[in-house]
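Take a look at the letters that make up each chain.
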Number of protein chains: 2
Amino acid sequence: MKKNLLTLLILVVILSGCNNSNQEKKTEDMKTETNGEVPKISDFPVGDPNTAYAQYFSGRSWLAPLTKMSELNVPMSNVTFEPGCRNNWHSHTGGQLLVAVGGIGYYQERGKAAVRMTPGDIIEIAPNIEHWHGAAPDEWFSHLAIV
Amino acid sequence: MKKNLLTLLILVVILSGCNNSNQEKKTEDMKTETNGEVPKISDFPVGDPNTAYAQYFSGRSWLAPLTKMSELNVPMSNVTFEPGCRNNWHSHTGGQLLVAVGGIGYYQERGKAAVRMTPGDIIEIAPNIEHWHGAAPDEWFSHLAIV
């Protein structure tokens, strides 16, 4: 009987240990599901719905300005695209640098094949080159954009 | 005796379950240990040992240039610091933008308290401001640096 009790005690200790790990796992999962309707796919803020430029996008996007120091002359924002959302063909007189930081997206230059972008990918866009960028059909996508 | 055996059986099943989770955890940890001696703490390349600037750092660092298009005029690199490594007090005539992408580090401006940096944190350094940046004592650290 004593042995039974001992085994039962060990069992309870182990079970409670396993439950704790599951609890930690769940809390971790919840941490990555925030920002209201936008899933957390990067370490950068999502910002506000990109209503000002909505007419240039095929779906919903979000914009978070990340810099403010005018002396540096390196305005940087985080742009988040909902799945399937991309912007129209456009170009920048000063060029643009894209840094993929979350999810999966695409970049295409006029006359070239679309390029898949995943976190860590960098795209350098020369001045006046016509292009578009956006999310993969079924994936959210975030990139930093430096003009 | 049968009860004892049953309890033992349950115990074994649970224990093996717990072991499996540990095994998965271990495999996951191993996935993040690549790049030779540098652990994988970000989605960006680590590059080569930063020997050219070694005299300005208190320990080992690695440098990965990420851009090459001179028209954009936005040179960007990923800098990785081993735990406890920081650079000396210095300044840039054009200022600098730091984007934390992996691990934990610190940034300090002369006369101010050190600021802790984790992935997603941005530091804008005005021209000619004396400062240093580097890893926390026990953590690797990577940041993008834009001059």
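Residues numbered from 1 in each chain as written. Chains lettered and ligands numbered in written order. Predicted model: local features only at pLDDT ≥ 70, side-chain atom pairs only at ≥ 80, totals over all residues. Heavy atoms only, no water.

## Topic: the overall build of chain A
- From N to C terminus, chain A includes one helix and nine strands.
- For chain A, the α and β elements follow one another from N to C terminus as α-β-β-β-β-β-β-β-β-β.
- Taking as baseline every contact in chain A between residues at least 6 positions apart, the subset at least 24 positions apart corresponds to 61%.
- Accessible surface computed for chain A: about 8,400 Å², of which carbon and sulfur atoms make up 55%. (Helix = DSSP H or I, 4+ residues; strand = E, 2+ residues; numbered from the N terminus. Contact = heavy atoms within 4.5 Å. Areas by Shrake-Rupley, 256 points an atom, 1.4 Å probe, with all protein chains shown as cover.)

## Looking at the environment of A:A100
- Relative to the assigned elements, A:A100 resides in strand β4 (residues 96-103).
- For the pair A:A100 and A:M117, spaced 17 residues apart in sequence, the C-alpha separation works out to 6.4 Å.
- Those residues in contact with A:A100, other than ones at most four positions away along the chain, are A:M117, A:T118, A:P119, A:G120, A:D121, A:F141, A:S142, A:H143 and B:F44.

## Description of the pattern of salt bridges
All names here are of chain A.
- On inspection of all chains with the given rule, the structure shows eight salt bridges over all chains.
- The closest approach of N and O atoms between E82 and R60, which form a salt bridge, is 3.0 Å. Of the two residues, E82 sits in the loop between β3 (76-81) and β4 while R60 sits in the loop between β1 (48-49) and β2 (61-65), which places them 22 residues apart along the sequence.
- In this structure E82 comes out as buried when scored by relative accessible area, which is 18%.
- The partly exposed category is assigned to R60, whose relative accessible area is 39%. (Salt bridge = Lys/Arg side-chain N within 4 Å of Asp/Glu carboxyl O. Buried < 20%, exposed > 50% of the residue type's maximum accessible area, 1.4 Å probe, protein only.)

## Examining the sheet that holds strand β8 (residues 131-135) of chain A
Residue and element names in this part refer to chain A.
- A sheet is described by the order of its strands in space; here three strands give the open sequence β6-β5-β8, paired in antiparallel fashion. Lying at the two open borders of the sheet, with one neighbouring strand each, are β6 (115-117) and β8. In this sheet, neighbouring strand axes are inclined to one another by 20° on average, regardless of whether the strands run parallel or antiparallel.
- Pairing geometry for strand β5 (residues 105-109) and β6, over three bridges, is antiparallel. Each residue of the ladder has a partner; that of Y107, found in β6, is V115. (Pairing = 2+ DSSP bridges. Axes fitted to C-alpha atoms, helices over the stretch in contact; angles between N-to-C directions.)

## Quick notes on the packing of aromatic side chains
Residue and element names in this part refer to chain B.
- Applying the stated criterion to the full structure yields six aromatic pairs over all chains.
- Arranged with centres 5.6 Å apart and planes meeting at 45°, the rings of W62 and W140 form a pair that is tilted. Highlighted residues: W62 in strand β2 (residues 61-65) and W140 in the loop between β8 (131-135) and β9 (141-146), separated in sequence by 78 residues. By the burial criterion, W62 is buried, and W140 matches it.
- The interplanar angle of 25° and the centroid separation of 6.1 Å between the aromatic rings of F81 and F141 together place this pair among those described as stacked. Residue F81 is located in strand β3 (residues 76-81), and its partner F141 is located in strand β9; the two are separated by 60 residues in the primary sequence. (Phe/Tyr/Trp six-rings, centres within 6.5 Å; stacked < 30°, edge-to-face > 60°.)

## Re unusual backbone geometry
- The backbone of A:N128 sits at a positive phi, close to 65°, despite the residue not being glycine.
- Relative to the assigned elements, A:N128 resides in the loop between β7 (122-125) and β8.
- According to the relative accessible area criterion, A:N128 is exposed, its value standing at 53%.
- Phi at B:N73 takes a positive value of approximately 60°, unusual for a residue other than glycine.
- Checked against the element boundaries, B:N73 lands in the loop between β2 and β3.

## So, the pairing of strand β9 (residues 141-146) of chain A
Residues and elements named next belong to chain A.
- Burial runs high along β9: six of the six residues are buried.
- Residues F141, H143 and A145 line one face of β9 and the alternating positions S142, L144 and I146 line the opposite face, and both faces are buried.
- Where β4 lies against β9, six bridges are found, and the strand directions are antiparallel. The residue bridging L97 from the neighbouring strand is I146, located in β9.

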